[in-house]
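# Reading the structure
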Amino acid sequence: MYLEDKLKMRIRGVPSSPLLYSVALALLLGILAGNACAPAGPAPEAAPETGAVQTIQNKGSDTIVNLALAWAEAYTARHPEVRIAVTGGGSGTGIAALINGTVDIANASRAMKPEEMERARANGVEPVEHVIAADAIAVVVHPSNPVDGLTIDQLSDIFTGKITNWREVGGEDRPIVLLSRESNSGTYIYFLEVVVRKGEKENQALFSPDTLLMPSSEGISNEIRQNPNAIGYDGLGYVTDDQKTLAVAVRAGEPYVLPTVATVKDGSYPIARPLYMYTNGQPTGVIKDYLDWILSDEGQAIVRELGFVPLR
Amino acid sequence: MIFKQSSSRFSWNEFLIETLIRASGFSAIFFVALIFIFLVREGAPAFWEVSLHNLFGTRWYPIFDIYGTLPLILGSVVVTVGAVAIALPLGLATAIYIGEIAPRWVREILKPLIEVLAGIPSVVLGFLGMIAVAPLVRRYLGMPTGLTAFTGAVMLAYMALPTIISVAEDAIDAVPKAYRDGAYALGATHWQTIWRVVLPAARSGIIIAVMLGIGRAIGETMAVMMVTGNAARMPLEWNAFFRPVRTMTATIAAEMGEVAQGSTHYHVLFAVGLILFAITFIINAVASIVIIRGGPRRGGRLMG
């Protein structure tokens, strides 16, 4: 930065000469490019040395990991005396770590199972559940598609390949093109369990082999936008305005509900789930402050930014 | 006198340079061997962790321990064969035009332009395919979706074209002028000369061009992942070329990032890499045999 300023000063000093200017400009650009390539400038390491730095260990669900990282970043920017280490690995991994006492907060996209509770208590750990946000999955189609709503049964038949034409669910005579996220995505598993398998434990249904697996949300929205045959699903926050969101009914005869913050919160939209954090006992000190901040307006604003459903 | 003196003496400089050159020559073999050993070490466990019946089945649902790699292998084959079928006539025609027909100034423009084509990053071509080509395929071929093996083959053909053109053009260029003069002296037309003298004489170089093109196509990942739809289905119907497929490369790229190291899924992905390696090895071996069988380059049997 200093160098640039000096250069500018020098340029100001010299009498106007186009050649000189262009040489100086080239130099400046070179320096700017050099700066841009260099690793980001000095990190804001200005932590005031007031007492020991406290570290919160936070681990678990991959669905939540980006949200947890964003929270940790925003919170530690405000509280430099706190360090938050966030890792993924899955809900089960996080809960196991809480039971073993190696983390302070476990992230989970499902509630803890009774047997996990038992194991925790046997280990002297008393898990306390905190609902921190909600996750809803929207079913999307091309805006020109006349179909407005589908039941879970119809969605299951569509995604297992039993229904292959929009005509069979009240649409135009068009083949159905199935779009899904890649199988490593948490959304894939959740949609499979709740929609394709209709939430039935013994149901072994799978996505049709004709399902297109898109490597990104952008891949899904791009195909939905231009293909009137397509149907796909994604986290509510990833759905853009140029896609049509379908209303979903639990079964025929029941009301069709569109996913919104309100319908997710009152539980009427069927493809939604709460997201959890678990602590050992009622949180105290820094951990309590962090969880309170997460549930504050500021923390919940980040929830909306990352495409999840905030609690308020 | 000075020259003689220096050449008769043992020169450390020359020894050093020769050793370095030899080392870099052998390093290629060394690295290929290392890659192969690594692939086998990570991929071989798949063959006893998963039954062969499962591993070569027709369904690929890795998170439910269903590891049928057949749809992936056939997906790669369909896309690659399609890409070569599109790129070979185009590439060969371009090479013939540049080497035999085009006036000097056209050639001077075309050659660098083709090299620019080779420099386009595959993710850019993939994006182009997703946004521009796929909708056209859906609209004008009447398919349910534009994300098909055909779309992938078109993008791959574009990627393989520069390789095929430059290598084939070099081969055509290397045919001695005397051959052409001989053909003209026998009363052959320009086209007859190209088709019956120059091309057969350049055959081995053209085969190398095709093989390099295939190598480029079968190993390409990013563009293919973006435009082929990645549905792990068996491409067996008559119109399978115009339906989505999932290739081996796209599968590895999409799934390797999230897989737990050391798990069965991880080993199977490396086994898929091993299969890919084996296929390219076989292609190269066949190419070498064809070239050796074809006799020395630009040799003997021309009109046959």
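Computed from a predicted model, the values in this text were never measured in an experiment.

A few words now on the confidence of the model for chain A. Looking at chain A as a whole, the pLDDT averages 81, with 83% of positions reaching at least 70. Every residue in residues 1-49 of chain A scores below 50 in pLDDT, and together they form 15 contacts with partners more than four places removed in sequence or on other chains.

The next subject is the pairing of strand 2 (residues 82-87) of chain A. Walk down a regular strand and you will see the side chains alternate between the two sheet faces. Residue and element names in this part refer to chain A. Covered by surrounding structure in strand 2 are Val82, Ile84 and Val86 only, the residues Arg83, Ala85 and Thr87 on the alternate face being uncovered. For strand 1 (residues 54-60) and strand 2, the ladder comprises six bridges, and the chain directions are parallel. Paired with Ile56 across the strands is Ile84, a residue of strand 2. This β-α-β element, strand 1 to helix 3 (residues 62-78) to strand 2, shows right-handed connectivity.

The next subject is a nonpolar patch on the surface. Judged by side-chain polarity, Phe30, Phe31, Leu34 and Ile37 of chain B come together as a nonpolar surface patch covering roughly 420 Å² of accessible area. On the accessibility criterion, Leu34 of chain B (41% relative accessible area) is partly exposed.

In this section: helix 7 (residues 122-141) of chain B. In this model, helix 7 of chain B (20 residues) spans only 24 Å end to end at C-alpha, well below the 28 Å of a helix rising 1.5 Å per residue. At Gly129 of chain B, helix 7 of chain B shows its maximal bend, which comes to roughly 40 degrees. Against helix 8 (217-226) of chain A together with helix 8 (149-173) and helix 12 (222-227) of chain B lie the buried residues of helix 7 of chain B. One or two residues past the end of helix 7 of chain B sits Gly142 of chain B, with phi positive at roughly 65 degrees.

Before going further, it helps to spend a moment on the nonpolar core. Residues and elements named next belong to chain A. Counting residues in each nonpolar core, the largest one holds 50 residues, and the members touching the most others are Leu155, Ile158, Phe159, Phe191, Ile231 and Ile271. Elements that contribute at least two residues to this core include exactly strand 4 (127-141), helix 6 (152-160), strand 6 (177-181), helix 7 (186-196), strand 7 (212-214), helix 8 and strand 8 (230-235). Per-element accounting of this core gives the leading share, seven residues, to strand 4. Sequence-distant contacts of Ile271, defined by excluding residues within four places in its chain, comprise Asp135, Ala136, Ile137, Val139, Ile152, Leu155, Tyr190, Val194, Val195 and Val248. If you look at the next biggest cluster of nonpolar residues, it comprises 25 residues, including Ile56, Ile64, Tyr75 and Leu291.

What counts, and where the lines are drawn
Residues numbered from 1 in each chain as written. Chains lettered and ligands numbered in written order. Predicted model: local features only at pLDDT ≥ 70, side-chain atom pairs only at ≥ 80, totals over all residues. Heavy atoms only, no water. pLDDT = per-residue confidence, 0-100. Contact = heavy atoms within 4.5 Å. Buried < 20%, exposed > 50% of the residue type's maximum accessible area, 1.4 Å probe, protein only. Helix = DSSP H or I, 4+ residues; strand = E, 2+ residues; numbered from the N terminus. Pairing = 2+ DSSP bridges. Right-handed = clockwise from strand over helix to strand, strands pointing away. Patch = residues over 30% accessible without salt bridge, like charges linked within 9 Å, V, L, I, M, F, W, Y side chains within 5 Å. Areas by Shrake-Rupley, 256 points an atom, 1.4 Å probe, with all protein chains shown as cover. Salt bridge = Lys/Arg side-chain N within 4 Å of Asp/Glu carboxyl O. Expected span 1.5 Å × (residues − 1). Bend = angle between axes of the 7 residues up to and from the residue. Core = buried A, V, L, I, M, F, W, Y, C linked by side-chain atoms within 4.5 Å.

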